Amino acid sequence: MIEEYFAEVLILVGIINLLIIYFIRFEVRKLTNSLGKVIELNKTQHYELESFLTNLESFLFQLQLQDYSYKVYFQNEVIQERKLQKNNIKYSLNETVSSGEYAVHFQVVPLRDIGEQKDKNKMVFNTLILLIHENLHMKVEAINKKFETISKYHTFILHDTKNITQFFQALSYNIEQAETIKEKEQLLDYLQRSINPLYQKSTKLLKLLELNCEEKFYEDKQKIQLEDLLNSILKLYGLGECVRGKGCVIEQEALLYVVFENVIKNIKDKKEKEPALEFKIEIKYLYEKKISIFFEDNGTKIQNIQKVFEPFYTTKKQGLGIGMYKVRTLLHSINADVELKNDPNATVIITLPLRWF
Amino acid sequence: MTLLLIDDDNSLRSQLKFSIETLFDEVYEAENKEDALFHINEKSFDVAVVDLHLENPYDGYEVAKTSIKENIKTIMFTANNNQADIKELIKLGVFDYLNKPVDIPTLKAAVRRAILFRKNEKKLAKDNIYYLNHCVDAKEGIKSSITNIEKDLFEKILKQNKFNIYHTAKSLNMKREHIYYFIKKYHLQREV
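Residues numbered from 1 in each chain as written. Chains lettered and ligands numbered in written order. Predicted model: local features only at pLDDT ≥ 70, side-chain atom pairs only at ≥ 80, totals over all residues. Heavy atoms only, no water.

Some points on the overall build of chain A
Per the secondary structure count, chain A includes seven helices and eleven strands. The contacts of chain A with a sequence gap of at least 6 include a subset with a gap of at least 24, amounting to 65%. About 21800 Å² of surface is accessible on chain A, with carbon and sulfur atoms providing 55% of the total. (Helix = DSSP H or I, 4+ residues; strand = E, 2+ residues; numbered from the N terminus. Contact = heavy atoms within 4.5 Å. Areas by Shrake-Rupley, 256 points an atom, 1.4 Å probe, with all protein chains shown as cover.)

Here it is as structure tokens:
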């Protein structure tokens, strides 16, 4: 009787064990499948950090997470973020990863935090952090590579500029020297063969020169009448003089010229796409020894406002994504700043410190 | 007189060719290192005008190294104005160094000078007198310098005599056994 009883208990224990094993296997498979899908998502998003973080939302339930939040920083400023739906969270996992001038603070709130679920949560969190780290690293690598290419281009610029100058020197000499019809015909033949490569070279050179974002300005600071400088650039771009207010700063003129030119060029490009666009430029003195220049237009709002200052970010088809990055870098070098607003209109605000002799 | 004009800029090269081709019997062009080395290997040139920056920034240096070895009067014609590079090229034995942009009469004067030197060197060679272009590092000692000059002279005469042992021995006033000894010593081989 007792033996029969033990046998039944043993069978029951065996069945329970089997059920536990199957349950664990099921759970592990479910989790690994979900993680596999997240890895696949990262691949389909071309390892782009921003889109990966945004699209993670649709995997919350599969990863057994209640919520998640993140903040992407560039030069210590938040350029993208997602907040938690609820604030009173008891348990969460969070970590900050950084690479180059970028950093990401990532936080997850698991559905449950009891028993073996804690280990699963850690596994999910560590995998997500690993993917974020990899994406961030790849982003920084890509940017560094682009900068390396630019610096390489700088050496070519010098070479190509001198070659073009040399070409024209040789050409003018040859035109003077060619006397007979045969010589003139031969020169013409050489010239015809030269035109295409010369045109390509000049176009490439001009494009590369636009990339020159590490300009150094060594000129002395001088008194600059802002409205005059702005009006002269507006005139150059055929936009008409429309600066309101007056202002005077002590600064390097060439630097301010590059900054204003970039902003005005953007307005001109926008006006070409939106002919009805109207804009105004206003100079205002602020408290704390500062002066601001407001470039405001009634056209479409600035897209992805936080990302505009990132290098190589552009919304233009032919754009290089270097203009606004250059503007901010230059302004920071003189303790000035640039800010973007979409309310009520698209506005670029440049704030300069006031200095006296 | 033959000229090899090496520049990666096609438009500039054609204008330079037009400017100086009347000074030569034949003008060959090359736009990259490979083309230039191929021509140098295939044909004997008297003067080479070489751009330092070809497809890659220092390809011209490699070309100059070979052209100088082949007794070609090598004029560097480059946009590069780096003092360290100029020093290296002079050490290598370039005939002249012109920094772009230069006016064409200056280039022509340099080319004319190179032609004059080359013509007279050829005349001297007929009298068994050779012009050796050597840069010596005194720190390495006299023996090392002598060895380098000896190797250079021997190689030059051997090549001129197209590896003919009898003629080389006659030019150097040596026995044939000694010629074999030097060939072995300096690991010289007839180029195929």
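Some details on the interface of chain B and chain A
Tallying the contact residues gives 26 residues for chain B and 23 residues for chain A. Between chain B and chain A, the buried area comes to about 2100 Å², and carbon and sulfur atoms account for 59% of it. Counting the surface chain B buries against chain A, the share from its top three residues, S11, Q15 and F18 of chain B, is 30%. Where chain B touches chain A, the interface holds zero salt bridges. Run the count over chain B and chain A and you get ten residue pairs in polar contact (both at pLDDT 80 or more). At eight residues, helix α1 (residues 10–20) of chain B tops the list of elements feeding residues into the side of chain B that touches chain A. In terms of residue class, the side of chain B that touches chain A is built from eight nonpolar, eight polar and ten charged. (Buried area = accessible area lost by both parts, 1.4 Å probe. Salt bridge = Lys/Arg side-chain N within 4 Å of Asp/Glu carboxyl O. Polar contact = N/O pair within 3.5 Å; in protein donor to acceptor, adjacent residues only side chain to side chain. Nonpolar A, V, L, I, M, F, W, Y, C, P; charged D, E, K, R; others polar.)

Thoughts on the packing of helix α2 (residues 33–42) of chain B against helix α3 (residues 59–69) of chain B
Any two packed helices are characterised by how steeply their axes cross, that is the angle between the axes, and by the distance between the axes. Residues and elements named next belong to chain B. As a packed pair, α2 and α3 sit with axes 9 Å apart at the nearest point and diverge in direction by 5°. In terms of orientation, α2 lies roughly parallel with respect to α3. Here K33, A36, L37 and I40 of α2 come into contact with α3, specifically with D59, E62, V63, T66 and S67. Residues that form the contact of α2 with α3 fall into these classes: four nonpolar, two polar and three charged. (Axes fitted to C-alpha atoms, helices over the stretch in contact; angles between N-to-C directions. Parallel < 35°, antiparallel > 145°, perpendicular 65-115°, else oblique.)

Description of the pattern of salt bridges
Two side chains of opposite charge can pair, provided their charged atoms sit close to one another. For the coordinates displayed, the defined rule picks out 21 salt bridges over all chains. Between E27 of chain A and K120 of chain A there is a salt bridge whose closest N-O contact spans 2.5 Å. In this pair, E27 of chain A sits in helix α1 (residues 2–44) while K120 of chain A sits in helix α3 (residues 117–177), placing the two residues 93 residues apart along the sequence. Taken individually, E27 of chain A and K120 of chain A each receive the classification buried, so the pair is uniform in this respect. Across the pair E121 of chain B and K73 of chain B runs a salt bridge, and its minimum N-O distance is 2.6 Å. A residue pair is termed long-range when its members are at least 10 positions apart, and E121 of chain B in helix α5 (residues 104–126) and K73 of chain B in strand β4 (residues 73–78) qualify at 48 residues. We classify E121 of chain B as buried; its relative accessible area is 12%. (Buried < 20%, exposed > 50% of the residue type's maximum accessible area, 1.4 Å probe, protein only.)

Digging into unusual backbone geometry
Of all residues except glycine, most have a negative phi; of all peptide bonds, most are trans. For the bond running from D343 of chain A to P344 of chain A, omega is 0°, close enough to zero to count as cis. Mapped onto the fold, P344 of chain A is located in the loop between β10 (337–341) and β11 (346–353). Cis geometry is found at the peptide bond from K100 of chain B to P101 of chain B, where omega equals -5°. Locating P101 of chain B in the fold gives a position in the loop between β5 (96–99) and α5. A positive phi angle, near 65°, is found at N128 of chain B, a position not held by glycine.

Some remarks on the nonpolar core
The biggest cluster of nonpolar side chains holds 39 residues, and the ones touching the most others in it are L256, F260, I293, F295, I350 and L352 of chain A. For I293 of chain A, the residues in contact, after removing those within four places along its chain, are L226, L230, F260, I281, E282, I283, V348, I349, I350 and L352 of chain A. (Core = buried A, V, L, I, M, F, W, Y, C linked by side-chain atoms within 4.5 Å.)

Brief notes about the sheet that holds β5 of chain B
Residues and elements named next belong to chain B. Pairing within the open sheet is parallel, and its five strands lie in the order β2-β1-β3-β4-β5. Every interior strand has two partners, whereas the edge strands, β2 (26–30) and β5, have only one. For this sheet, the mean angle separating the axes of adjacent strands, direction not counted, is 15°. Contacts from α2 reach β1 (2–6) and β2 within the one sheet, and its direction differs from that of β2 by about 145°. (Pairing = 2+ DSSP bridges.)

Things to note about a negative patch on the surface
All names here are of chain B. Residues E31, E34, D35 and E55 make up a contiguous surface patch of negative charge. Looking at the element boundaries, D35 is found in helix α2. Exposure remark for D35: the relative accessible area of 32% places this residue in the partly exposed category. (Patch = residues over 30% accessible without salt bridge, like charges linked within 9 Å, V, L, I, M, F, W, Y side chains within 5 Å. Lys, Arg positive; Asp, Glu negative; His and termini not counted. Charge placed at Lys NZ, Arg CZ, Asp CG, Glu CD.)

Focus: helix α5 (residues 226–236) of chain A
Of the residues making up α5 of chain A, those classed as buried are L226, E227, L229, L230, N231, I233 and L234 of chain A. Once α5 of chain A finishes, G238 of chain A follows within two positions and takes phi at roughly 65°, a positive value.

Observations regarding the sheet that holds strand β4 (residues 102–110) of chain A
Residue and element names in this part refer to chain A. Pairing is antiparallel in the open sheet, where four strands are placed in the order β2-β1-β4-β3. Each edge of the sheet is formed by a strand with only one pairing partner; in this case those strands are β2 (77–82) and β3 (93–99). Averaged over all pairs of adjacent strands, the angle between strand axes in this sheet comes to 15°, irrespective of strand direction. As judged from the five bridges shared by strand β1 (residues 65–74) and β2, these two strands associate in the antiparallel manner. Counterpart to Y73 in the pairing with β2 is V78.

Remarks on a nonpolar patch on the surface
On the surface, a cluster of nonpolar side chains totalling about 680 Å² of accessible area is made up of L12, I16, I20, F23, I24, F26 and V28 of chain A. Structurally, I16 of chain A is set in helix α1.

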